[in-house]
Amino acid sequence: MHTVVNHGLWIVSGLLLFVVALIRFSRPPTNRTGTTFLLFYTGVLFYYALLIGLWLLVIILVSAGGYGIDGIPIAQSLKANEWLSPSLPVVGFLLITVASQFKFVSKMDTAARQFCIQLAAIPAEAEQLAVELAHGQLLLSDRPLIETVSREITKNIGANALLFANDGALESRFTRAVSLYWLFIMPDNAGIPLPFPTNVSGRSTYTRIMRLNEKAVEQSIALYDSLMENALACFTSSKPTRAMEEALKKNIQDLSLTICRLIARWVLYLEVTENQRRKRLSNMGLNPRDHSPAFGRDQWVASILVIIVLFLFMSIAIPGQQPFSQTFMYSVLMAIQLGMAVIAGTAVAQRFIRRQEENVWKFPPLAELTISALVVVGLCIVLRIGWPLVPDLLNTGSISLTQSLTEFADRWPFVLLPFLCTFSIGLMCAHLGTRTWGWIRFALLGGLLNAGTFAIATILITQLLSVEFLQKIQGNSPGIIKLLVPLSVAGFVLGAIVLAIFPRSIRSNKLPTIFAPLRPLSIGADAGSAACGDQSNDTISEASERIGPRAASKELGAYNRNSVDELQGRYVCFRPTFSNSAVVNAYEVSIHWDDKRASLVFEERNRPDSSHSQVGQGYIPDGKPFMSLVTADKGAVRIIMVTRPDHDGVARGLILTLSNPGGTHFIPASAPVVLRRLSETIPQMGFVHQDSEDYPTYVRQLSEVEPEFATFASLSLGLKVVHNSAA
């Protein structure tokens, strides 16, 4: 009975400490809504692990005696009496809880919690999702909501301000902002049902989010009132000034982002997985970016299982002195530790890749990797100390912390393996993950690099382990080979698995497509072949024959950098808009050479319809005075085909893309397009109307495209249609 009570005190104290960690980590309450479910509880577990380590340290100090600190005077004064020994876990828990009320300890606790909050990406995940939603598409499907928005705009502003098409026009953006307000803010403000499908949990979560973010809700209401005032001034004016339009654009942006922050927090709190969040947002009519995790749950479990099986196989091939049950337990333990290293390394690599704004080499994220590796080591220490307690509890009904600490003292050098593994996986994924190689090349290189890291770690571990311990696990003839071979093989397999299946969406997230502007585009050096079915870009890239050093592939035109240097620079690209051909859409296009893809790459900037901004590659045929700027994804292609710039820096041609006249209806569309090299004088960008001073120049140069630089073939009015009776 006495033993059961002791065990109960340990378990209850540990559970209460987790409750304390969860409560502290959830302050303020909006922390939970500021990131994903997985990241939040990862931060909680890291914070809990820090508290567990501190808790065990307090227990050791209070009990003193047998852990090598007898020489410290304070340890002698803190030695527990016999009556206090059974309640040591409770005493340690109370000391940690009460000590946080002191100012110095509170500062340390706040710093530790803040580190874990940053590790959990609070509120970075919510902000990122909010920005993506604010610039994404909105396709309303609820008929009453569409009628309400139409009535609100038509009655208060006018029919000319209503446009549900996602074409980037000011009317479209205004209608979208009003729709967002009636979609998510008005149900709380007016006490009406939510205009999108949800369940009881969704409605209760909605209420909680709105109450936790009352200031944001009030700000949205004030911004909406200001939006309607600015819209009334702009859309009812016969000649709206640029100041009116800029004020309305800013109002639209502020309101959309404020509302999307609330939507992002609601979805992050409500849904656990990425697929569930995408489905929930899709039901609302929103189109977020598809962010895949750096290393998914299924891949993580598969890698752990492979490492366990591999360790067991190696223990049979190279037998030691430990029984099979103990070998199995420590194989599982090592696999879990390496799994934590993989999570930490790939998470840092994913964040590093997302921060890259240009395709240039950047210094490795050593600071983040060091912090992540130290956190992994802390978790591994806690795991290694607690791991032997489980079989003891199952076999004998009691636990021996002294024996567990003794075993850890013998095996502690093994924590170097996950420490170095975090660096190895993180650096490989960060600097190789964006390349367009085949999976076999990734697997071989990842395996060799990680095997080398594990070999170095094994040498260090062998030097740090005692001879007595090596004889205990290897017999009377211990040697480094018996550890070097299995660990190096495990490192090779783990590195090959991680780098081979590191998500392709992470490797190539720098090339978005026009048809799904907020989804990553998988496009390699052979971008144009994306329309050729399901053939892998990596396979095509490997098959591409490079022509000399620093040359593009044959499919791109086999041009080298020297031959296209004159094409690099900044241009203003302008064409008629598809919704209103009297309005010119003008924006900046930057063309530069990309060493990683060995080709010209273009990037569109400052588009008024920014959700459709493009990044793609240049196709330049040999012997023809034309070049094509292409983006492609899963068979969908947008092409700008223009002449090479003349002596005035002007390139003329056609654009072929899809137009979205309304709802989900898309049609092919083409228009004349001109690229003009930018000089010191920057022309007007955005949607250019007839009252602009740059409008006549734009129209004159667009009118010069046909027929000298492009032609539109159409059926002649006198053409007769002949019916074949045999058909």
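Residues numbered from 1 in each chain as written. Predicted model: local features only at pLDDT ≥ 70, side-chain atom pairs only at ≥ 80, totals over all residues. Heavy atoms only, no water.

## Side note on unusual backbone geometry
A negative phi holds for most residues other than glycine; trans holds for most peptide bonds. Along the chain, R27 connects to P28 via a cis peptide bond; the corresponding omega equals 0°. Take P28: it is sitting in the loop between α1 (2-25) and α2 (37-63). Here the bond from E706 into P707 is cis, since omega is 5°, no more than 30 degrees from zero. Inspection of the secondary structure assignment puts P707 in the segment after α25 (695-703). (Helix = DSSP H or I, 4+ residues; strand = E, 2+ residues; numbered from the N terminus.)

## Quick look at empty space enclosed by the protein
Under the criterion given, the structure shown has four cavities of 30 Å³ or more. Size it by volume and the largest cavity reaches roughly 60 Å³. Taken together, L138, L140, L163, F164, A165, N166, S172, T175, R176 and S179 make up the lining of the largest cavity. Considering only residue class, the lining of the largest cavity consists of five nonpolar, four polar and one charged. (1 Å grid on protein atoms, 1.4 Å probe; cavity = no way out; pocket = protein on both sides within 12 Å on 5 of 7 lines; lining within 4 Å. Points joined across faces, edges and corners; volume = space filled by probe spheres on them. Nonpolar A, V, L, I, M, F, W, Y, C, P; charged D, E, K, R; others polar.)

## Considering the packing of helix α15 (residues 366-386) against helix α18 (residues 416-432)
Two elements in contact, α15 and α18, have axes separated by 8 Å at closest approach and are oriented at 145°. Judged by the sense of rotation from one axis to the other, the crossing of α15 with α18 is right-handed. Residues L366, L369, T370, S372, A373, L374, V376, V377 and C380 of α15 pack against P418, F419, T422, F423, G426 and L427 of α18. The class makeup of the residues in the contact of α15 with α18 is eleven nonpolar, four polar and no charged. (Axes fitted to C-alpha atoms, helices over the stretch in contact; angles between N-to-C directions. Left-handed = near helix turned anticlockwise from the far one by under 90°. Contact = heavy atoms within 4.5 Å.)

## Things to note about the pattern of salt bridges
If you walk through the whole model with that rule in mind, you get 18 salt bridges. Among the salt bridges present, the one from R605 reaches E588, with a minimum N-O distance of 3.8 Å. Of this pair, R605 sits in strand β3 (residues 599-605) while E588 sits in strand β2 (residues 584-594), and the two are 17 residues apart along the sequence. Looking at R605, the relative accessible area reads 27%, which means it is partly exposed. By relative accessible area, E588 is classed as buried at 5%. Through salt bridges with shared partners, a single network forms among R570, E588, E603 and R605. (Salt bridge = Lys/Arg side-chain N within 4 Å of Asp/Glu carboxyl O. Buried < 20%, exposed > 50% of the residue type's maximum accessible area, 1.4 Å probe, protein only.)

## With respect to the packing of aromatic side chains
All told, the structure shown has 15 aromatic pairs when counted by the stated rule. For the ring pair F37 and Y41, a centre distance of 4.8 Å and an interplane angle of 50° mean the geometry is tilted. Separated by four residues within a single helix, F37 and Y41 lie in helix α2, roughly one turn from each other. For F37, a relative accessible area of 31% puts it in the partly exposed group. Pairwise contacts between aromatic rings join F25, F37, F40, Y41 and Y47 into one cluster. (Phe/Tyr/Trp six-rings, centres within 6.5 Å; stacked < 30°, edge-to-face > 60°.)

## Here we look at the environment of N560
Among the secondary structure elements, N560 is positioned in the loop between α23 (537-543) and α24 (561-564). Considering only alpha carbons, one finds N560 and W593, 33 residues apart in sequence, at a separation of 9.8 Å. Separated by 3.2 Å, the side chain of N560 and the backbone nitrogen of N562 make a polar contact. (Polar contact = N/O pair within 3.5 Å; in protein donor to acceptor, adjacent residues only side chain to side chain.)

## Notes on the layout of surface pockets
Here the second largest pocket is characterised by a volume of approximately 820 Å³. P240, E245, V583, F687 and H689 are, among the 30 residues lining the second largest pocket, the residues nearest its centre. If you list the elements that add at least two residues to the lining of the second largest pocket, you get α8 (170-190), α10 (214-235), α11 (242-270) and β9 (686-688). Tallying contributions element by element places α11 first for the lining of the second largest pocket, with four residues. Partitioning the lining of the second largest pocket into residue classes produces nine nonpolar, 13 polar and eight charged.

## Re the environment of S226
Within the secondary structure, S226 sits in helix α10. The class for S226 is partly exposed, based on a relative accessible area of 28%. Placed 25 residues apart in sequence, S226 and N251 show a C-alpha to C-alpha distance of 7.3 Å.

## Some remarks on the nonpolar core
Of all hydrophobic cores here, the largest spans 75 residues; its most connected members are L17, F25, W55, L338, L417 and L494. Not counting residues within four places of it along the chain, the set of residues in contact with F25 comprises N31, F40, G43, V44, Y47, R113, C116, I117, A120 and I122. Listed in part, the 53 residues of the second largest apolar core include L138, Y206, Y224 and V267. (Core = buried A, V, L, I, M, F, W, Y, C linked by side-chain atoms within 4.5 Å.)

## Points about the side chain of R176
Mapping R176 onto the fold places it in helix α8. For R176, the side chain forms a polar contact with the main-chain oxygen of L133, separated by 2.5 Å. One polar contact links the side chain of R176 to the main-chain carbonyl oxygen of G136, over a distance of 2.9 Å. With residues up to four places along the chain from it excluded, the contact list for R176 reads L133, A134, H135, G136, Q137, L138, N166, S256 and L286.

## Details of the confidence of the model for the chain
Confidence in the prediction of the chain, expressed as mean pLDDT, is 79, and 80% of residues score 70 or more. Mean pLDDT values for the elements of the chain range from 36 in α23 up to 93 in α8. Per-residue pLDDT stays below 50 along residues 65-81; that stretch engages in 21 contacts with residues further than four places along the chain or on separate chains. Predicted confidence for residues 504-549 stays below pLDDT 50, and this span has 130 contacts to residues more than four positions away or in other chains. (pLDDT = per-residue confidence, 0-100.)

## Looking at helix α20 (residues 467-474)
Regarding α20, the residues found buried are F469, L470, I473 and Q474. Buried residues of α20, viewed axially, fall in a sector of 110°; they line one side. The outward face of α20, more than 90 degrees from its buried face, is lined by the exposed residues V467, E468 and K472. (Arc of directions from axis to C-beta.)

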